[in-house]
Each structure stands twice: as structure tokens, then as C-alpha cells.
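What follows is each chain in one-letter form.
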Amino acid sequence: MAGDSGDGMQLAGSRFTDATAVFGNDLATLPDFPAEIRAPAGTVAGVSAFQIHFASRDILTPGDTPDVLVAMNPAALKANLPLMQRGATILVNEDAFSVRAVQKAGYAENPLEDGTLAGFTVKRVPMSSLTTRAVEGIEGATSRDAQKAKNLFALGVLSWLYDRPVDVTERWIRGKFKGPVCEANLAAFRAGWSFGETSELIDVQVKVDRNVDVAPGTYRNVNGTEATALGLIAASVKSGLPLVFGAYPITPASDLLHALARRHDMGARTIQAEDEIAAASMALGAAFGGALGVTCTSGPGLDLKTETIGLAVALELPMVIIDVQRAGPSTGMPTKTEQSDLLQALYGRHGESPLPVVAAQSPGQCFEAVFEAAQLAIKYRTPVILLSDLFVANSSEPWRIPDAASLPPIDPRLRTTTTGPFLPYSRDDNLARPWAIPGTPGLQHRIGGLEKADRTGAISYDGPNHARMTQLRAEKVDGIPVPDLEIHGEPDADLLVLGWGSSYGTIRAGARRVREGGGRVATAHLRHLRPMPANTGALLRKFERVLVPEMNSGQLAHELRARYLVDVISYSKVQGQPLLPSEMEQQIWRHLS
Amino acid sequence: MAGDSGDGMQLAGSRFTDATAVFGNDLATLPDFPAEIRAPAGTVAGVSAFQIHFASRDILTPGDTPDVLVAMNPAALKANLPLMQRGATILVNEDAFSVRAVQKAGYAENPLEDGTLAGFTVKRVPMSSLTTRAVEGIEGATSRDAQKAKNLFALGVLSWLYDRPVDVTERWIRGKFKGPVCEANLAAFRAGWSFGETSELIDVQVKVDRNVDVAPGTYRNVNGTEATALGLIAASVKSGLPLVFGAYPITPASDLLHALARRHDMGARTIQAEDEIAAASMALGAAFGGALGVTCTSGPGLDLKTETIGLAVALELPMVIIDVQRAGPSTGMPTKTEQSDLLQALYGRHGESPLPVVAAQSPGQCFEAVFEAAQLAIKYRTPVILLSDLFVANSSEPWRIPDAASLPPIDPRLRTTTTGPFLPYSRDDNLARPWAIPGTPGLQHRIGGLEKADRTGAISYDGPNHARMTQLRAEKVDGIPVPDLEIHGEPDADLLVLGWGSSYGTIRAGARRVREGGGRVATAHLRHLRPMPANTGALLRKFERVLVPEMNSGQLAHELRARYLVDVISYSKVQGQPLLPSEMEQQIWRHLS
Amino acid sequence: MAAPELTKADFQSDQETRWCPGCGDYAVLAAVQAFFPELGIPPERIVFVSGIGCAGRFAYYMDTYGMHGIHGRGPALATGLAAARDDLSIWVVTGDGDALSIGGNHLIHALRRNVPIKILLFNNQIYGLTKGQASPTSELGKVTKSTPFGSIDGPFNPVSLALGAEATFVARTIDTDKQHLPMVLRAAAAHEGAALVEIYQNCPVFNDGAFDALRDKKRGAENRIYLEHGEPIRGVVRDAEGALRIGGEGEPVIHDAHREDPSYAFALSRLSSSPDGPTPIGIFRDVRRPVSGRDLARQLAAARAAADDASLDALMRAGDTWTIS
Amino acid sequence: MAAPELTKADFQSDQETRWCPGCGDYAVLAAVQAFFPELGIPPERIVFVSGIGCAGRFAYYMDTYGMHGIHGRGPALATGLAAARDDLSIWVVTGDGDALSIGGNHLIHALRRNVPIKILLFNNQIYGLTKGQASPTSELGKVTKSTPFGSIDGPFNPVSLALGAEATFVARTIDTDKQHLPMVLRAAAAHEGAALVEIYQNCPVFNDGAFDALRDKKRGAENRIYLEHGEPIRGVVRDAEGALRIGGEGEPVIHDAHREDPSYAFALSRLSSSPDGPTPIGIFRDVRRPVSGRDLARQLAAARAAADDASLDALMRAGDTWTIS
Ligand SMILES: Cc1ncc(C[n+]2csc(CCOP(=O)(O)OP(=O)(O)O)c2C)c(N)n1
Ligand SMILES: Cc1ncc(C[n+]2csc(CCOP(=O)(O)OP(=O)(O)O)c2C)c(N)n1
Ligand code: SF4
Ligand code: SF4
Ligand SMILES: [Mg+2]
Ligand SMILES: [Mg+2]
């Protein structure tokens, strides 16, 4: 938190610290006062900052590089930016970036506009004016009070982001101030908090294990959303298929729509549909026309896309559905993460409607995951669900940028000719049917959601045909070859920790700590939820104990039990928060002894 | 099939027979010519009929009582009605029921209108006029040709209903007739077939085991739909809650809407909603107002209701969702039965959103099943899914009518007062929350889909609270006491056959046949899919082998494996057809040896 | 027994309001809370149903019964509630995305059916809660997060759409107009069937100033074309072709909100295509049509009250039965 | 190279048509198949997208590309297809339930966006496929399977609804009118944006005779009010209040389908409330408005064609990067 020395940063900082301590976190702080007591307002010299590092346990330093900077003015930004790593979040008081203020801070151009902040997650909040408005109605409060209360607005926003208890701070405000000033401060604090909640602000910290060996190459910081956007563009380029992305805004999935909407330069077409049903239908309609049809949503939206996904299963057309999971049920906690849509992805459609399910395991790996989802969709003519989550979508990590040339081409194998009558439901070796798109002479055909006769695709109510088609659809999906699970750590340990999705880094980190402490443990991570790797069952049986940590009530555990009849141990955390390395470490120790 | 002797019934009958033989069914026929060669047209004496009994195997007699009567005129109806058992299907040529024809047959009133056919499933088809229209366009065909071709229209309808191959018959028509007459007959046949398909005609035969001991009491014939309608009315009467039934038409669920729409006399309110989302939302909105909110649909509609059901889970309001399953995926085969929505009912919602799932096992038992669903919904303040299917909804059986007084009252326990602040998310011993409905002074409160703080119901983004609420919601559902599974047959046999839903009668019949043949087998039937009876695991482990027959790809088997880690044997049939006793018998023998 | 007089405080819930400072929603909330005592309906007989969006939060702030539903389904939830209960005053609060994008179908059907519910559509021409995407009322070319190169789709005119959907009551008002807003609410409450009230609502964070042409004291005075039943409509004439126009030659128009034929109200709705110039404000249409289920509700309530074991027995035993002893 | 002349047979698929004998759908199918050669578009560049219902079967019978989708989603599927491909002629076939009940939202949004698709709405005022329930165009009081005591909800007027949703092309025609139907299709095909064509279609099985007042030779001649651009509308006058009326005193009206202001077309749509009396038939409105994504499609196609590994590399490496060797 940095601002002008008159901005009350120390006060806000210490309040946040208190609330954090009450919250039970371990912490370390580093107040950073300006050298001169009365440095000119708005200059870099006048910046006052307060840094706090907190976590559940194990705080060794006051945080080498902060994850979040709150900059109340351009000078504060200038002074603290060098401390920040790319990928960090910067919350700026947008109102304070007037031309004059920008110059005073020593910037030539407005740093919010000129690319200075590229690579950071910038959240622009008009803090001054929102505070003024919050305070406006309070009898007796002056505009100066409002002006002074904006530190509490910032504190409110931060408290929301990090779930700090509000009552502690409110009690403190009540004790410290009186009358209109008290009211003004309370109003500002609450307004900041409400702003966070109401406008569904999200922040997640980078939890990814950074101690892995770093391969040579060119890197950048990406969050999961950016990597997904790049992966989709790459799949479009490598397949030569136009990308048509239909979506309806929903936190935390909207950002992908925003990112792709900018990509006219790569020929990407985004449509903000009237609802999720339409969004999925648009992607599917586009797929019929030979596009890479993609739709992206979060839980409530996935519910609504169900019927259309089922149609895609019946039509056997390529389509990618991205589900950025958030905490449910129902509206739930839209700004909190969870992995609780797994069973829905697998089974949440009427009838027997199998489809491949892939999961993203880290911000950078979203690129690969979505690229693979597109590959599978196109190769097998099937909808594919990619499970991501709020945590992986919003956190960021250094990502080794692949060479475009090294990415495999995706051959859409569009059918353009036929000898004899065209059979839209004949199949190749992968059991995939031909994709013949409108505009192809001689291959006119009709497809639909009614059961189809094998090979011809004509409407069929025949029982044995239905049995056969049901089986073919399942075989096609279950026959997809996916790479074997790889064991990390001690392959002959007693305990295997098997995770999926965004907990990848955390599980690795937890296991590493255990190993550092002398424990022996193996880990593996599922990226393919249907079909599962061929060696999954064997691996599960090989270990004496298998721990399955998930941010849900044990959905993967349930599925593993059903498939492999192995009594895995479910560790379930449903708090809207990512798993923590420390927590993993503790759990592993628990099951080692 | 019965009509005037000039109506060509024998011809139609023998064609159907041929197609049936080709189809591979065992069969027995009983042509029934009129005694006089030229009895006056339209009189009972002039009726010509043809009876056929067919099944996969084991035909002992030409069918004691026919399941379906095709009556081409009133006389045919009159002559054959005595043969028919209540519950059978009667397809009438509506056009032939003119006042004169009715009198000629010796009826005082039109039997279609005066209640003569109460208890039968009557399908009125304007066969004469549809045939005339079908033939109209054919060059050279006379109206006499059209008149004579209506037997082929009837044959077409029957062929559709029973999936007879059309090519055999068409080939025969081509061989037998020439020129316009041939065209006319072909057109009539196809028109009949198309009518069946286009207007989603459904027929199922009564497959229920009738050899059970018959308890004393008053009986009537009901099909599953009628029993469900009565069960809902009973739940409304016994709870004192108004029934609000929101539905959107869909085969085979629409009939329940039709049945309840007539029940103004019992205070039932039906709404044909604009879509399934609205239908579910209307039921839920009504529940908030203190009604028994119910919605009914089939697969594609269940997809659409997903999000609203999730809201009901979060709101913890009573609601009953009836899913009359049909063959999927997607539009699938709307007139064919299946049990393939089980995993969707259990898991097809985003987030952790548990709810009780109940299944109906026979037409008459639909009454109990839906009554129980309503009881659970009201007692536990939760949406409940009742899984029925096309087969159970449309087939019928004698049903022992309960005394209204013997049905348990359902106490809605509406909250009307409070001491201290009202806590809408406080819980009783069943973990159910208070249901305080608008109009109750002093208990104003707001509920919604965002996560709620325990007890107070205020919006909460708190992690531990979310974990606690997630657990409470699951515990509430899983803590519902349901009766233990009962073993039928030999409790110490090696093989247990465990079914669920509409296969109840078939499995019993198959097992009986095995026992008659000297085999030893036990059966049990699951009516509660979540929670499952407490003794389920123990039972599964007690038997050496457990056979789980289902009309899907093994969904219950999957669930049992996950829950109880028992390697059950799945017998899966996905042909849009109910399981058959003979098939069950065969499977049981297979796993006995 | 005379009920105690209700006050504004009776409608204020203890939930802290959580909109951004300066949000137009505050003004609407204050106006609604101030207006409700006038209806004389006790708070427990009032229900606010809402969808998702900033506007949807409204339901939490009224000390009545309330249901914060799911996105777009407010009118459907409310229709079910109205079917179950004809003794309640049911209000739906919705946003432009909630009502016109995802919820468009339920809105038009509730209006067609003439369900006895009052729908307050907070139109800020943007998605607020999800942080600034285009809505179906955002203007062509609008730059938003989801349309960085400008929206390529033209907007709905909510009043026209409602009239096309057979709405019996359609009005438009402005968040900050402390006189006009309650006046419109009063008429909506008095209307027997479905009432749609479009409220121009400023979103200072994501779409500030969208309605300045009408909200500003000075510009508003120029641009607001008030519709008052029986009064001439200032500045509006009927031209030689029979069309309504702002300014120019023609006959003056006397406003008739009760005209059966919605063509007139529709023509009024077309006088403005976006709220940045002269715009009609007030009640466009207010006519009577059978209210969905009104009589039925009474009839069914009576039937249900009479339904008992005896009638249930009779129903179950209707038709052919046989007895085995 | 001159393409061979197309004939009706080129548009007939080998699927046997499976409607009930006498169904109005046959007449529409025949008219459409007979009309299509005239467009000169090869069958492979034509796509029929449909929802579920009897009408939805239409897609199977045209020997073009076809997609029989799910209930109500035809316009959304077609919008996606149109976004992917601007070289196709895309037609949606839908029923009154499919388009106006479950699919109402997609319909109004496709019209608002002015997506280049042609929507044929087969209105038989009933649910055919599901055997006879009320639809949103069934009249008040209608007795159907789902409304045994008569429907309590008034119907939509599809033309009014479409106009309220900003439709740029709206027409109405009759299944059996072999001259008029192709004339309307011709105009719809020529229209650049979204076109909605309501086709009154008889369902002899579940709602026979609903349109007899217009389909009958004799009664039809009396009741059809043909709308022809530039021609006076027979029997319709503008009264002193500026309203359109059938009969009575007033000025004759010359039809102007191109009038920008939809109020006029809307007024025409209100001349009839159900098709059992005098009813306007023809093109109510046909105006130009930017077509959704028209220019964008070309621009994006060019961008995609140019996108290659080099541009992908550039994109991935945009912004801050660092290299580890
Ligand atoms: C099914 C579903 N889809 C999407 C969302 C995300 N969402 C919440 S509110 C909203 C739109 C808000 O816009 P509007 O209705 O105009 O309300 P405002 O916030 O502007 O008041 C969206 C897209 C959701 N909650 N549920
Ligand atoms: C999601 C879903 N809900 C319901 C249905 C059942 N259904 C099929 S067609 C139809 C309505 C048919 O009416 P309409 O659109 O008027 O077409 P018509 O048959 O009259 O041509 C319905 C309710 C379905 N197939 N899918
Ligand atoms: S985002 Fe806009 S509409 Fe939502 S609370 Fe903030 S100012 Fe109001
Ligand atoms: S039910 Fe009606 S609309 Fe459907 S095919 Fe038959 S006649 Fe045509
Ligand atoms: Mg809005
Ligand atoms: Mg219809």
C-alpha cells in the first residue's frame, strides 16, 4: 500500500495488519515511511508505503516481492513498481492519475495508458471519487473528510480481496474517530469493501512452486486466462480453422471473452451471446460451418449449456467448452475458487452422452490444455470440456513461450469428396465421422439430435442400432489414447498423492517440503479425466495408500473408486480457497505415519 | 385389429404377422373372421378381427387378453371390448364414429365420449380422413382406393408402435398391387407410420408380473402417469399445501400436465410455462410462497432445469422434480424408454449440490413414490428428484387404492412466530431450516443463491462457513432415514439381482422363472438412489455375485462401485426397450453357473 | 383494528447496502422505501424477487420477503409465486442484462400473460456486476470490455419490446427523480396486471453519464418529454402522415395512456432511440386485460380448502374399480 | 462456366416426408422447393437450421446442408453459423412453440442483431409434435390438452413482437398460397439482414381450420388484406386520430414497407388480433440497418488467412519477455 504521506497509508496498513492477525495468519510487516517528513505531495519522495506479508504459516521474511501493490497516486506507483514482479496485481486509484500528477511523479506519459504496466494485473478503481460519493450523504462531513478517508476505501477493497474480518476494523474506526469523521471513514471503508464484492473483484496470489528447474527459453508472465486465449489462437492458426468464440459474461470466465475480443488481428470472432444457451449454440452452429467453435463459462452457465453440449455429442461435431470453476452451488461465491464441477462435466447430461474431459493444471499449462482440447475435439469430432478454475485463471506464472513452428499442426481433415453416397455417420479408425461443411458440393446432408442410423445418419428408432450407436459414442471417447500418468518423487514410496487441475503446484510444493523433511512420497497429476490414462488403475493399486486432495467434497475420489475399486483417501477442502503447500505437507505427513 | 369385414383386417393382420416374424419374434395369431360372409357393414356381426400375440420367446397362447385393440369402427369396438382388460390401449378410427355408425353398432351413445372407455388408454386417430389426404395427391387413385387403404394406414401406425420393419411390408405392397392402387396403399401405410413417429405416439405393454399374491382391497387400473397425478393430489390434500405444477410439454412427460390440468376440482394449479427453466422457476417461486411446487419433464428438459434445481438446493425450499426418462442423448428417441438420467440426477449440477433421488418402480407404485418425494421435500426443505421413465409412465397395472385416511398427514411445519431475531438458516433435528412464507408478520427475510452464513442466512464469503454449509447440505440429505433394502427370494443364494426403477416387475418375473426352473437367486430393488438404504453395502458384500440390470450403460453399477467398492456385474441394455422377463431369466442363469 | 402507520424505516432491512458510492441504485432504493408506506400494505405481504446483477441486490435491502434468484429468471419465479398466492404484492427488480439478455423470454411471457407482478427494470445500459460488458441496451458502437472495437449490434428499446409483447402497463422514469419515480410506482401498483417500469439508472463506475441528457437539471428540463394522461405532450406533433414527431409541423397530441390499441404507445416509444436527446418519460400505456389466473386463483383456493380425505377418496375411486376380499 | 440450371428436384432430399396427410407443412415444402432454383444458389451453399417440432422436420427434406437442432435454439445455432461463414444462405425453420415459447429469447435477439438469416415461422397456433398443447399464439380461451378449461393467457402477435424487437424485415403469408409464399420468400432472400416470415400453417390433426378465414378461397378473398409496397391497402384507412383502421371514415393508406419508423408497420400488425377475420398478409417492413458482423466477417477472414506461425510467435512474445539460456 503506497500513497502520499498525507494519504494515511501507515494507518491503513496497520489496520490491515491487525485484522490479519485476528484472522489467525502469520505475518511480517515492513512500513516504509518517506525520508523527509514533509516531502512535497505527489512526488516520489513523498511516498509513504506499508508492506505486509502474510500466510497461514512459515513466514520467513516480510515478503520479498509483494503480490499486490495499492498505489494511491502516480508517485506511489513510480516508487514501488521496481519492487514488483511481473504478474503481480496493482490496484490504482485511477482518479489520481491526472496529467499534472503524472508529471509530478516524473512520468512522461500516463503509466496506466502507455504500456508501463504491461504484464501486471491492473485494477483501476476510481477511489477518490467513489469515496467522495460514499461520504457525500453524511451530515456534517466535509469534502476534506472524504478526501482523507480514501485510505479506508483502499483498506476496504483489500479487506474484501483478502477476506479480512470487517468488524475489527469497524470497531477500531468507531473507537478512533467521532461524529461525521467517524461516519465518513466507516462509509469509505464499507464502500471499498462493497465495491470489491459488488463488482466481483478477484485476486489470487501466485501459489505456484517456483523452485522447479528452469528450462532454457524465452519466458513471459501469463495468467491462466491469457494462456488460454493464446492456446485458442494457436489452435486456430495451426488448424487453419477460424475461431468462433461464443460466451456470456460470468465471473471468473468473462476475462477470456475480453482477451479474445481484442484478437481481431488473428481473425478471432467473439460473440457476446444473449445467454449461455445461445453462446454454446453459436459455437456449435459455427462448428457445423467448419469453425473451431468454443464457449467459455462458469458453473451456472455450464448448467445452462447442458442441453446444447448433449446435442454436440449427438451431432459429433468438434467443440470446446471451457468451465472456469468457481464456488457453488448456485450463485455460491462467484469470486472464490473450487473444483466442484468435475462430476457434472463427466455426467451432467441426460442420456448416455460421453465426452472427453481435460483439466488445466497451472496458469501457463492452460495453453497446452486448451490446445489439446481443440486437437481432441477436431480429431474425434466431439465436444470436449476443459476444466479450469478461478485460481488457475487468475494467478500467473512465468511461462516458457513455445515456438509456433514447434506446435503440431492440426489437420481438420474436412471431407471434400465422396465415392458413392456420402455417409455422414461412417467412421475412421478413431471412430470419428467425416466433417463435411456447407459449401462442399455433393456432400449435402442433414444431421440432428434424433438417434441416427449407423453410417447413414438417417433418423432411426431401431433398438439394436441405438445400442450400437450408444456404444460407438462411448468407445470413441474411451479409446482416445492419453499419456500415462507420470510419477514424481519416490516411485516406491508408500503414499501416492494424486491430484487434478489447479492444485498441481501446491501438491508438488507440499511433497517437496515433506521430502526435505525426510519423508518419502510420490505424486502424480491427472490432466485427463475422461478417458483416464491407461496406467491409472495399476498405479493406484501399486501404492499402499493414495491420497486425493481436492477443492470439492471428493469428486475425483468417487470416480476413482468407481473405476478402479481402490479405497483412496479423499482430502477435501471446500472453502473457496486454493489448497496450500503447508496444508498439503501436513496431510502428507499425516498419511505417512 | 378389428374392423368391418370389408376393411381388410385380415390382410393387415397377416402383413403385421409377417413383419413380426421377420423381426425375429416368436408369435401366435388368432384370426377371427365374421361368421356370416357378408354380414351388414357396420354391425357387430360384420366385424372381422385378427389377433396376434408376440414376444421374444415363450409364447404359450395367442395372448389371453390383447394389449392393444385397433378398432376401425364402433362395431369393431363393441365386438372386441369385452376381450380387453382395463389398462389396455385402444386405437380407434375416430372418423368412423358418426352418430349413425354408433347406432348401427348398437351403442346408444358415442362410446368415445360417454365413459365406456374409461380405464383404457384411448388413442383417437382420424384414420379415414388422414388416409384420404395421403392418397389425395396420387394421380389415378380414386377415393374408393383411399377408402380401402385405411387398413394399411392402421398397419402403418401399428408398425411404428411396434417397430416392425417397413421394408418387408412395402415390398409386399409393391408385389401385390399395381399402379395407383399400389401407390395409394404405400402412401396410406407410410402416412400411418409417419403419423406414429411425427406425433410421438407411444405404446408400451404391461410387463408387470401379475402372479403376485393379491391383497384384499379395492382395485383399479392405473398407468404410471395417472398414479403420479393422484399421488401429487394426495400430497397436496394431506399437507394442506396448494399444488402448483409448472411444466413445459415434452414426450413422455406431458401427460402428467394434461392429467393435472383437469384437477381444478382439487385446487391444483398447472401452468404451461414458456420453457423448462421457467417451469422449474415457477414451481420454486410457488414453493417460496408456501405451495407444493412441482415440475415434470424428460431428459432435454431436465438439462434446462439444472440451474434452477441448484438454486433450490441453495434456498433449501421444498420442490419435486419428476423426470420421465426417455432414450437419449439429445433428442434421442423420444418415444422409447431408458434409465439413463440417473447420474445426471445425482451429479448433474455445478458445485456441491446434493439432493434426494427417488425412483418409481411400477405404475401403481408411482403413487407412493411421488407421495414420498413430496414428504421428503417438505420435511427436509429440499428439492427431490423422482426418476420415472416412459415405460412406467405409460404402462398400467391393477392398483390397490389406498384409503385417504390411511395416508400419513404431511405437516409442513410452517414457521409462524419467532422469539428473538428470525434465523432463516437455523436448523431442526433433521437439519431442515424453517419455512416462513410471505404473509407471516415479523418473519420477513431474504434468501438467495449466494452462499449464506450459517443460521442467519446473510450473504457470506467466509471460507470456513462455506465448508460448513456445504457439509450441512450434504449431511441433511445423506441423513435421511430410508427403509432397508429387502431381499426377495433366497437370502442365502449366491446371486443377488439388484435393480432400480421400472425394471422391478421384470426382474421379479425373471427370477421367478429361474426359481421355477430350480435355480436359487435373490432379488432386491432400490427405490432410494440418494441416500441409499443403510444396509446396501452389507448386502452387496453378502452375496458372491451381484447382477445389476439397467436400461443404460451401467450407471447404478458405477455408483455402487464408488460407494461400496464392490465389483458388481452390470447388465446393460440400451435399446429403448424395457427389459424382458425372458432376458432376465437368461442373464440370471448365466451368472448362476 | 387500525394498523399502525408504516414509515420508510419499516422497509429498510438491516443489511448494509453494498453498491458503489454514487450508484443510481441508491436513489431508487430510497425512493422505493419512501414510497411503500403509502401503499398501506404491511411489509410481510410484499415480496421482492430479483435476478442477478447489481440491481438484483435490491431484494436484500427491503425489509419485506425477498428472493434473490438466478440470472434472468426473476419474472418466472415471480409468476410461480403469483400463481400460488393472490394476496401478495409482488415486485421484480432486474437489470438490463438480467431482463433483456438472459431473461428476455421470461419478461415477454410475463407481460403477455399479464401476470400480476410489477417489474422494475434498472437500465444502466451496461453489465455492472460483471464489470462492464455491453448489454442489450448499450448503443451501437459502444466500447466495452467485451466489445473493445465497439458493439456491432443495435440495442433494444425496452418500451417498444414490452409493447410488442402485449404489455398492459409500460412506463419509464429516472433514478434520481424523487417526484416522478414514486408517481410511476403508484400507477404500477394500482395496475391490476403486469407492469413494466424502465428506470434509467446511472452506473458511475462502468457507464457514467449515460443519462446525463435527462438527469442533469438543465439538460433534463429540455430533454424530458413528460407523458401525462389527458395532457398535451410538449413538443410532440402528429404529422400529415399520421406519424408522431418531435417538433415540426402538425397537430398537438393529447396523451392517452388508456388507448386500447398499443400502436399509439409504440409510436411514442419510437420518439427516442437513445437517452441522449429528447426522450419521453412517464406512463406510455396503462390498459386493462384479463389478469393471468386472477379468477382461477380464487376458484382453486376454494376448491383446495374443500378438498379433504373424502374428496381424495372419491377421486381415487373414480371410474372402474373392483374389490377383492 | 455456366452452372447447370437448378430445378425443384435439386432441392428434394431422399428422405421420405413424414408429416400427417393434409398437413400445411407439405404445401410450404413444395413451395420452397419450387422457389429455390430461382435464387441461383447451389444447394451446397444453402443451410436449413431448425428446432424441434413438426415444422422442425423441414430441414430433413431439403437437399441442402441441414441441422435439426434442439427445441427453440435454431436462431442461435444459425447466428453462430453466420458468424463463421458469410458465403452461405442460411434459413431457419421453426414453429410457433419453438420460436415464441422456448426460443423467444433467441428470436428477438437475432432480430435485434440483424443477423443475416431468414426465419420461417410455421404458425399453426398449436403444439403439433407433442400432440396438441396450447402455444403462445393460441387464442385466449382455447381448449387444448394442457388447457382443458380454456387457455387463460392471451397470445403474442408474432409480427408485433418482431417489430418490438427491432426486426428489419417482417412478413406474413399462408401455407397454401402458391403465389404469395414465393413472393415473400423472394423478398426475404433479397433482404440483407434478419428476415422473419410468419407462415399461417394448418395443422389438420390438432388445430384444423384455424386459418380457414384466410385459406378458404371465398372467405380468403374477403379477409386477406394484401400489403403491397406503393399500393393502397384495400379497406384500410387512417382515421382522424392518425390510427389505422379497417373500414370506416378516413384517408386511404398507401403501403410503405420501407418506412424507417416501425410504428407504421406495428400499427398494421394490430389491424388483426387473430386470423379469423380481415388480416394483413404480405411484407410489413423491409428496411436496411447494419447487418450483424457483415464487414467484420470479411475483415476477420482476411486476418485469419494472413495469420501464420510468424504472427502467432509475435503475439505470444508481445510484451515483456526474458530469455534463459
Ligand atoms: C447463468 C448466469 N450467467 C451469468 C451470470 C453473471 N452475471 C451476473 S449479473 C450479470 C449481468 C449484470 O448486468 P445487468 O443485468 O444489467 O445488471 P447490473 O449489474 O447492471 O445492475 C451477469 C452476466 C450469472 N450470475 N449467472
Ligand atoms: C427442451 C425440450 N423441451 C420440450 C420438447 C418437446 N417438444 C418438441 S416440439 C415441441 C413444440 C412443438 O410446437 P411448435 O414449435 O409449434 O411446432 P409444431 O409441432 O406445431 O410444428 C415441444 C414442446 C423438446 N423436444 N425439447
Ligand atoms: S457497478 Fe455500477 S451499477 Fe453496479 S453498484 Fe457499482 S455503480 Fe452501481
Ligand atoms: S401434427 Fe399437425 S403440424 Fe404436425 S405433421 Fe401432423 S398435421 Fe402437421
Ligand atoms: Mg445493467
Ligand atoms: Mg406449432
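Numbering of residues starts from 1 in every chain and runs along the sequence as written. Labels are handed out in written order, letters beginning with A for the chains and numbers beginning with 1 for the ligands. Since the coordinates come from a predicted model, pLDDT governs what is reported: local features require at least 70, and pairs of side-chain atoms require 80 or more to be given and counted, while whole-chain, interface and lining totals use all residues. Neither water nor hydrogens contribute to the side-chain values; these are computed over all heavy atoms in the structure.

- Going by what an unreviewed UniProt entry lists, chain C is known as 2-oxoacid:ferredoxin oxidoreductase subunit beta and is assigned to Solirubrobacter deserti.

### A short note on the site of ligand 1
Then step 1. What makes a residue near a molecule or strand is one non-hydrogen atom of that residue sitting within 4 Å of it. The full set close to ligand 1 counts 23 residues, and A:Glu276, C:Cys54, C:Asp96, C:Gly97 and C:Asp98 are the nearest of them.
Then step 2. Neighbouring residues of ligand 1 are not confined to one chain but are distributed across chains A, B and C.
Then step 3. By the criterion applied in these results, polar contacts are pairs of N or O atoms within 3.5 Å in which, for protein atoms, one can donate a hydrogen and the other can accept it, and in which residues neighboring in sequence qualify only through two side-chain atoms. Take A:Glu276: an N or O atom from its side chain is 2.5 Å from a nitrogen atom of ligand 1.
Then step 4. With respect to ligand 1, the backbone of C:Asp98 contributes an N or O atom lying 2.7 Å from an oxygen atom.
Then step 5. We get accessible surface area from the Shrake-Rupley algorithm with a probe of 1.4 Å; when it comes to residues, only the shown protein chains can shield them. Compared with its free state, where it exposes 590 Å², ligand 1 has 99% of that area covered by protein.
Then step 6. Going along the chain from the N terminus, every DSSP run of H or I of four or more residues is numbered as a helix, and every run of E of two or more is numbered as a strand. Mapped by element, the contributors of at least two residues to the shell around ligand 1 are helix H12 (299–315) of chain A together with helix H4 (96–102) of chain C.
Then step 7. If one sorts the elements of the shell around ligand 1 by residue count, H4(C) sits on top with four residues.
Then step 8. Residue composition of the shell around ligand 1, by class: twelve nonpolar, seven polar and four charged. As a working rule, the residues Ala, Val, Leu, Ile, Met, Phe, Trp, Tyr, Cys and Pro are called nonpolar, Asp, Glu, Lys and Arg charged, and the rest polar, with Gly in that last group.

### With respect to the coordination of the magnesium ion (ligand 6)
Residue and element names in this part refer to chain D.
Then step 1. Distances define the donors: N, O and S atoms within 2.8 Å of the metal qualify, as do those within 3.2 Å of Na, K or Ca. Water is excluded, so some sites may look unfinished. Coordination of the magnesium ion (ligand 6) by the protein comes from Asp96 (OD), Asn124 (OD1) and Ile126 (O), over a distance range of 2.0 to 2.2 Å.
Then step 2. Ordering the donors of the magnesium ion (ligand 6) by residue number gives the pattern D-x27-N-x1-I. The pair formed by Asn124 and Ile126 is uniform in burial state, with each residue classed as buried. Note on classification: 1.4 Å probe, protein chains only; a residue is buried when its accessible area is under 20% of the maximum for its type, exposed when over 50%, partly exposed between these limits.

### Quick notes on the sheet that holds strand E21 (residues 569–572) of chain A
Residues and elements named next belong to chain A.
Then step 1. Note on pairing: two strands pair once DSSP finds at least 2 bridges between them. Spatially, the five strands line up as an open sheet ordered E16-E18-E17-E20-E21, and their pairing is mixed. Of all the strands in the sheet, the pair left with one neighbour each is strand E16 (488–489) and E21.
Then step 2. Where strand E17 (residues 495–500) and strand E18 (residues 522–526) come together, five bridges link them in parallel fashion. By the bridge assignment, Leu496 is partnered in E18 with Ala522.
Then step 3. Sheet strands in contact with helix H17 (residues 504–516) are E16, E17, E18 and strand E20 (545–550), and its direction is about 175° off that of E18.
Then step 4. Working rule for contacts: check all heavy atoms of both residues, and any pair within 4.5 Å makes them a contact. Inter-axis angles, ranging from 0 to 180 degrees, are taken between N-to-C directions of lines fitted to C-alpha atoms, where helices are fitted over the stretch in contact. In the packing of helix H20 (residues 581–592) onto the sheet, contacts are made with E17, E20 and E21, and the angle to E20 comes to roughly 155°.

### A short note on the pattern of salt bridges
Then step 1. The salt bridge definition used is simple: a Lys or Arg side-chain nitrogen within 4 Å of an Asp or Glu carboxyl oxygen. Taken as a whole and assessed by the stated rule, the structure comprises 75 salt bridges over all chains.
Then step 2. Here B:Asp167 ties to B:Arg171 by a salt bridge, and the two come within 3.9 Å at their closest N and O atoms. A residue pair is termed a helical-turn pair when its members lie 3 or 4 positions apart in one helix, as B:Asp167 and B:Arg171 do in helix H7 (residues 166–176) at four residues.
Then step 3. As a salt-bridge pair, C:Arg317 and B:Asp403 come within 2.8 Å of each other at their nearest N and O atoms. Linking C:Arg317 in the loop between helix H12 (309–316) and strand E12 (322–324) with B:Asp403 in the loop between strand E14 (396–400) and strand E15 (446–448), this pair reaches from one chain into another.
Then step 4. Residue C:Arg317 is classed as partly exposed on the basis of its relative accessible area, which comes to 27%.
Then step 5. Several salt bridges share partner residues, and in doing so they unite A:Glu94, A:Glu113 and A:Arg124 into one network.

### A word on the relation of the copies chain C and chain D
Then step 1. Here the copies are matched by least squares. The fit uses the C-alpha atoms of residues with pLDDT of at least 70 in both. With an axial shift of 0.0 Å and an RMSD of 0.0 Å, the rotation relating chain C to chain D amounts to 180°. Overall, the copies show the geometry of a two-fold rotation axis.
Then step 2. The share of interface residues of chain C whose copies in chain D are also at the interface is 100%, consistent with both copies meeting through the same surface.

### A look at helix H14 (residues 365–380) of chain B
All names here are of chain B.
Then step 1. Any helix carries an expected span of 1.5 Å times its number of residues minus one. Taking 1.5 Å as the rise per residue, H14 with 16 residues should run 22 Å; its terminal C-alpha atoms sit 22 Å apart, in good agreement.
Then step 2. Counting buried residues along H14, 13 of its 16 residues qualify, which places the element largely inside the surrounding structure.
Then step 3. The first or second residue beyond H14 is Arg381, which carries a positive phi of 50°.

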